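Structural description and commentary
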Amino acid sequence: MWPMTKQDKDHDPVWQIAWTWVRRQHERGGLGEAAGKELAQWLAADPLHRKTYDEAARLWLLVGLVPPVNDVPKPDDGTDDSATR
Amino acid sequence: MDMSLQPAELTLGEVFIANRAQLQRVAQKIVRTADLADEVLQDAYLKLADGASVRDVRKPLGYCCQVVRNVAFDYHRHNSVEASYRTYCEDVELVSPPSNDAPDRVLDGRQALAAIDRVLEALPARTRLAFELNRLSGMTQREIGVRLGCSATLVNFMIKDADAALESCRYLVQGG
């Protein structure tokens, strides 16, 4: 269990920014060129940014490997193979 | 192979191998080249057992696709960042070298996935559903709201709750 009060205490702004970048990269269409540049500059600004971003990306991947408990649909992003529908 | 022809006894690995050509196409649509798609498939194959240790996978081929897709997106994401970095931040490359987020740097994939699953399991059921629709199905918050019959604002709160809970899993990926 993760009590609500714990979340505020553990809130790390750099992590939040890094997580949001990773999240945006996985949205349909991905980052545009301008946002890609912004991300690169943010990463270059501080080694802590890069380190935290790499951690967020790794956790994002791991979260995507957990088998779902719900019967969720496949993504509608063109990666699907219509032969198996 | 048609999904309806999968005998229940097939292991995930066997389903993966039987459907390798299809999984290769899923990967290649994301990473573009056949060489990278091969790498993704090898990597994904090794990760299957970790997921299977969390719980029984009801849709083996669906789960194989999920793992391949996510590993492929991670490769693509990594390569995109490195490309942007080279383009815009050449001068600082030595200060902050490109990361090597190789999968084997995660100490124990099974334990990590089980820990993440426990955190997600502690969320309200609808919050986890909203999160899975977003993370695994790639649905927008608006689309999830329509599906769940609630406002996009509420979906946004649920996703934020899940994200906040997952922040407690940082220890799983630190120190690599």
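Residues numbered from 1 in each chain as written. Chains lettered and ligands numbered in written order. Predicted model: local features only at pLDDT ≥ 70, side-chain atom pairs only at ≥ 80, totals over all residues.

Quick word on the overall build of chain A
- Within chain A one finds four helices and zero strands.
- Taken from the N to the C terminus, the helices and strands of chain A come in the order α-α-α-α.
- Of all 85 residues assigned to chain A, the portion counted as buried reaches 33%. (Helix = DSSP H or I, 4+ residues; strand = E, 2+ residues; numbered from the N terminus. Buried ≥ 20, exposed ≤ 12 C-beta atoms within 10 Å, placed from the backbone.)

Here's the deal with the overall build of chain B
- A count of helical and extended segments in chain B gives eight helices and zero strands.
- Each helix (α) and strand (β) of chain B, taken in turn from the N terminus, gives the series α-α-α-α-α-α-α-α.
- Out of the 176 residues in chain B, the part that is buried amounts to 36%.
- Counting only contacts in chain B whose residues sit at least 6 apart along the sequence, the fraction spanning at least 24 positions is 64%. (Contact = placed C-beta atoms within 7 Å.)

Considering the nonpolar core
- In this structure, Leu62(A), Ala27(B), Val40(B), Cys64(B), Val68(B) and Ala72(B) are the most contacted members of the largest nonpolar core, which totals 62 residues.
- Of all the elements, helix α4 (residues 60-88) of chain B adds the most residues to this core, at twelve residues.
- Per-domain counts for this core show at least three residues from each of domain 1 (1-100) and domain 2 (106-176) of chain B. (Core = buried A, V, L, I, M, F, W, Y, C linked by C-beta atoms within 7 Å. Domains from an automatic or database assignment.)

Let's talk about the domain arrangement of chain B
Residue and element names in this part refer to chain B.
- Structurally, chain B comprises domain 1 (1-100) and domain 2 (106-176).
- Counting residues at the interface gives six residues for domain 1 and six residues for domain 2.
- With three residues, the single largest contributor to the side of domain 1 that touches domain 2 is helix α3 (residues 34-52).
- Broken down by class, the residue content of the side of domain 1 that touches domain 2 amounts to one nonpolar, three polar and two charged. (Nonpolar A, V, L, I, M, F, W, Y, C, P; charged D, E, K, R; others polar.)

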